[in-house]
Amino acid sequence: PTQGSPTVQWLPAHDNLSETFLILLINFDTELISCLGIMSEKKRVFRRFFYRGYEVEKLLDLTNEEFIALLHSRARRRFSRFGVKKKLVDKIKNAIKRSEPGKKPEIIKTHLRNMIVVPTMVGGLLGVYNGKGYILVEVKPDMIGHYLGEFALTYNPVKHGRPGAGTGPVSRFLPT
């Protein structure tokens, strides 16, 4: 067989049954198999996350200056003026190290809503203050470069009901 052409093989199956069944085995790419409707067992492939062309493992190897160069301009300005909040990042790192493999680390409470997520924070659990209480935020690779405050809303989004559902003089008027 040439490269890319299917190889067809007929095999008897279920020898213990009275009738002989034939199975067609096609050794071809997965697109053709899915087009034919043949179920194939595939390993589950997890999506790899890239931030500006770097995987998370590679981002961890970068120095702070190299990582800051990858960020957008507002984040670069913030880090150049104030630096990384090392105390919070160290707390998160230590919590991740102390946690048992397969278990979630302890929750670290913070009021730093303006903290930008850096790669060393990935995998940590944070309680981000929203003005009333702490909202649990599990830091994932997709959050790198975003502010913590983006993941802890300070208000409840409005759920619009039908008109006139409220009480008061305004709700009495219902146009027909």
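Look up a bit, the structure's there.
It should be emphasised that the depicted structure is a prediction, and the values quoted were computed from it without experimental measurement. Positions within a chain are numbered from 1, following the residues in the order the chain's sequence is written. Under the rules for a predicted model, residues below a pLDDT of 70 receive no local features and side-chain atom pairs below 80 are neither given nor counted, while totals for whole chains, interfaces and linings still include all residues. Note that water and hydrogens are dropped before the side-chain values are worked out from all heavy atoms of the structure.

Draft legend 1. Representation of the packing of aromatic side chains in the model. Pairs were defined over the aromatic rings of Phe, Tyr and Trp, the Trp ring being its six-membered one, requiring ring centres within 6.5 Å. Orientation was assigned from the angle between planes: stacked under 30 degrees, edge-to-face over 60, tilted for the rest. Considering all chains together, one arrives at two aromatic pairs under this definition. Their ring planes at 40 degrees and their centres at 6.2 Å tell us that tyrosine 51 and phenylalanine 67 sit as a pair that is tilted. Of this pair, tyrosine 51 sits in strand β3 (residues 50–51) while phenylalanine 67 sits in helix α3 (residues 64–70), placing them 16 residues apart in sequence. Judged on exposure class, the residue tyrosine 51 and its partner phenylalanine 67 are both buried. With 5.1 Å between their ring centres and 55 degrees between their planes, tyrosine 129 and tyrosine 134 make a pair best called tilted. Only Lys NZ and Arg CZ are tested; either one counts as a charge over a ring when it is within 6 Å of the ring centre and within 35 degrees of the ring normal. Lying across the ring of phenylalanine 79, arginine 78 places its NZ or CZ 5.9 Å from the centre. Only DSSP runs of H or I with at least four residues qualify as helices, and only runs of E with at least two residues qualify as strands; both kinds are numbered from the N terminus onward. The buried label applies to any residue whose accessible area, calculated with a 1.4 Å probe on protein chains only, is under 20% of its type's maximum; exposed applies above 50%, and partly exposed to all values in between.

Draft legend 2. Representation of the nonpolar core within the structure. Remark: nonpolar core denotes a set of buried residues (Ala, Val, Leu, Ile, Met, Phe, Trp, Tyr, Cys) joined through side-chain atoms within 4.5 Å. In terms of nonpolar packing, the biggest core is built from 29 residues, with Tyr51, Leu59, Phe67, Leu88, Met121, Leu126 and Leu148 touching the most fellow members. Put simply, the parts of the chain that give this core at least two residues each are α2 (56–61), α3, α4 (73–82), α5 (86–98) and β6 (125–129). Note on definitions: a residue-residue contact is assigned when non-hydrogen atoms from the two residues lie within 4.5 Å. The residues contacting leucine 88, other than those within four sequence positions of it, are Ile108, Thr110, Leu112, Met115, Leu126 and Leu148.

Draft legend 3. Main features of the pairing of β6. Judged by how many residues are buried, β6 sits mostly within the fold: four of five residues are covered. Where strand β5 (residues 107–110) lies against β6, four bridges are found, and the strand directions are parallel. Opposite lysine 109, over in β6, you have glycine 127 as the bridge partner. We treat two strands as partners when DSSP finds at least two bridges between them. Of the pairings in the sheet, the one linking β6 to strand β7 (residues 134–138) comprises five bridges and is antiparallel in character. Paired with glycine 127 across the strands is leucine 136, a residue of β7. In sequence, β6 turns back onto β7 through a hairpin of four residues, with glycine 131 there showing a positive phi of about 105 degrees.

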